Amino acid sequence: MSDPAHSIDWEFFGPPADGGVRPGDLISAAAGGLPIYRVMSLDHGRAWLRDIESGADRVTPLTPFHWKAGSQGS
């Protein structure tokens, strides 16, 4: 199985409140790190995220996440 984190070009984004993340984006707490989440929905600084490997969902603040997939990784 290939490691999806290595095939993504990661971009740093600033504070999540600045609009740097949108539904559909892939995000991670560390560039090239796992887990990688797809943003399903956003609401007041919190996100509904889906782990792209396990399919598990979670709702969490966006503050620990500062990396998103570049346009080729989405």
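Preceding block: the structure.
Residues numbered from 1 in each chain as written. Predicted model: local features only at pLDDT ≥ 70, side-chain atom pairs only at ≥ 80, totals over all residues. Heavy atoms only, no water.

Caption draft 1: Spotlight on the side chain of Asp 25. Relative to the helices and strands, Asp 25 is located in the loop between strand E1 (10-12) and strand E2 (26-28). Summary of buried charges: Asp 25 has no salt-bridge partner, and the nearest side chain of opposite charge, Lys 68, is 4.1 Å away. Within polar-contact distance, the side chain of Asp 25 engages the backbone nitrogen of Arg 22 at 2.8 Å. Those residues within four positions of Asp 25 in sequence are excluded, and the remaining contacts are Gly 20, Tyr 37, Arg 38, Val 39 and Lys 68. (Helix = DSSP H or I, 4+ residues; strand = E, 2+ residues; numbered from the N terminus. Buried < 20%, exposed > 50% of the residue type's maximum accessible area, 1.4 Å probe, protein only. Lys, Arg positive; Asp, Glu negative; His and termini not counted. Salt bridge = Lys/Arg side-chain N within 4 Å of Asp/Glu carboxyl O. Polar contact = N/O pair within 3.5 Å; in protein donor to acceptor, adjacent residues only side chain to side chain. Contact = heavy atoms within 4.5 Å.)

Caption draft 2: Structural view of the environment of Ala 31. If you trace the backbone, Ala 31 turns up in the loop between E2 and strand E3 (37-43). Residues Ala 31 and Phe 65 lie 34 residues apart in sequence; the distance between their C-alpha atoms is 9.7 Å. Not counting chain neighbours up to four residues away, the residues in contact with Ala 31 comprise Trp 10 and Trp 67.

Caption draft 3: Main features of the side chain of Asp 51. In this structure, Asp 51 sits in strand E4 (residues 46-51). For the buried Asp 51, no salt bridge exists, and the shortest N-O distance to an oppositely charged side chain is 7.3 Å, to Arg 58. Setting aside anything within four residues of it in sequence, one finds Asp 51 in contact with Pro 35, Ile 36, Tyr 37 and Ala 56.

Caption draft 4: View of the packing of aromatic side chains. Evaluation of the coordinates by the stated rule reveals two aromatic pairs. Between Phe 12 and Trp 67 the ring centres are 5.4 Å apart and the planes differ by 75 degrees, which places this aromatic pair in the edge-to-face class. Residue Phe 12 is located in strand E1, and its partner Trp 67 is located in strand E6 (residues 67-69); the two are separated by 55 residues in the primary sequence. Here Phe 12 falls in the exposed class, since its relative accessible area comes to 56%. With a relative accessible area of 25%, Trp 67 lands in the partly exposed category. Each ring, one from Tyr 37 and one from Phe 65, has its centre 5.8 Å from the other, and the planes form 85 degrees; the classification is edge-to-face. On the criterion of sequence distance, the pair formed by Tyr 37 in strand E3 and Phe 65 in the loop between strand E5 (57-61) and E6 is long-range, its members being 28 residues apart. When sorted by exposure, Tyr 37 lands in the same class as Phe 65, which is buried. (Phe/Tyr/Trp six-rings, centres within 6.5 Å; stacked < 30°, edge-to-face > 60°.)

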